[in-house]
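Chain by chain, the residues:
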Amino acid sequence: KTPEDVAQVNQQLLQLFKSGERDLKMLVAGSIGKPRGEQIAWLLALCKHELAEQQQRRFNATVKATGQASAQAEQDRLNKWKDAESSWRRFLEDFPTGPGVPHGQILRGYALEKAGNYEEARRVWREFNRPMAAQEKCARLFLAKTLPEKKQ
């Protein structure tokens, strides 16, 4: 009722927040954890994909310059694409309804293709289990259709 009472209540509230600051931070961190988790998983998968792209470019440059690549270079290239595919798969499994799912599916299919798993890439690109524009369906079917039947 008086300014002194208001100041005293404010002081008590401040002490209450200070004493529970750790718990309050945990509560806030927990509430933003899932959205941040989705963003982190997306960025991790994107980083793995970029590393695979870089390894692929090195591999292609070596083949172009020398006409061949070592078995180790081929294995390194495949391992990077398998890492990228695994990261995309985990992202899609952990966050199946997130906004990054459509693009994640396309990139997972691309990683599968580069790893030589054409049948699985084809299956991923033909998944139409969510509403999508006709153009996206057409693009996915085109990607699936252009894959070779077997790894050459």
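Whatever comes next refers back to the structure up there.
In this numbering scheme, every chain counts its residues from 1 along its sequence in written order. Local features in a predicted model are, by the rule used here, given only for residues with pLDDT of at least 70; side-chain atom pairs are given and counted only at 80 or more, and totals for whole chains, interfaces and linings are based on all residues. With hydrogens and water excluded, all non-hydrogen atoms of the structure serve as input to the side-chain values.

**Student:** Which parts of the structure should I look at to understand the layout of surface pockets?
**Tutor:** To locate leftover empty space, one rolls a probe as large as a water molecule over the atoms. What the largest pocket holds in volume is close to 170 Å³. Along its surface, the largest pocket is lined by R89, L92, E93, P96, V101, Q105, R108, V124, E127, N129 and R130. Helix and strand labels come from DSSP, where a helix needs a run of H or I of at least four residues and a strand needs a run of E of at least two; each type is numbered from the N terminus. Listing elements by their share of the lining of the largest pocket, those giving two or more residues are α3 (71–94) and α4 (101–114). Under the scheme applied, nonpolar residues are Ala, Val, Leu, Ile, Met, Phe, Trp, Tyr, Cys and Pro; charged residues are Asp, Glu, Lys and Arg; polar residues are all the others, including Gly. Across the lining of the largest pocket, the residue classes break down as 4 nonpolar, 2 polar and 5 charged. Every definition here rests on a 1 Å grid over the protein atoms only: cavities are sets of points where a 1.4 Å probe fits but cannot get out, pockets are open sets enclosed by protein on both sides within 12 Å along at least five of seven lines, and lining residues have some atom within 4 Å of a point. Grid points are joined across faces, edges and corners, and a volume is the space filled by probe spheres set on the points.

**Student:** What should I look at first to understand the packing of α4 against helix α5 (residues 118–125) in this one?
**Tutor:** When two helices pack together, their arrangement is given by the angle between their axes and by how far apart the axes lie. Each axis is a line fitted through C-alpha atoms, and for a helix only the stretch in contact is used; angles between axes span 0 to 180 degrees, taken between their N-to-C directions. Running from amino to carboxyl end, α4 crosses α5 at an angle of 165 degrees, the nearest separation of the two axes being 8 Å. Between α4 and α5, the angle falls in the class roughly antiparallel. The way α4 lies across α5 gives a crossing that is left-handed. Contacts between α4 and α5 involve Q105, I106, R108, G109, Y110, L112 and E113 from the former and Y118, E120, A121, R123, V124 and W125 from the latter. Geometric relationships in this document are graded by angle, where less than 35 degrees denotes roughly parallel, more than 145 denotes roughly antiparallel, 65 to 115 denotes roughly perpendicular, and other angles denote oblique. We call a crossing left-handed when the near helix sits turned anticlockwise from the far one by less than a right angle, and right-handed when that turn is clockwise. Residues count as neighbours in contact if any of their non-hydrogen atoms are within 4.5 Å of one another.

**Student:** Teacher, can you tell me more about the packing of α5 against helix α6 (residues 134–145) here?
**Tutor:** The contact between α5 and α6 brings their axes to 8 Å, and the two run at 170 degrees. As the angle between them shows, α5 and α6 are arranged roughly antiparallel. Our pair here, α5 against α6, has a crossing hand that is left-handed. From α5, R122, V124 and W125 reach across to α6, where they touch R140, L143 and A144. Residue classes in the contact of α5 with α6 are distributed as 4 nonpolar, no polar and 2 charged.

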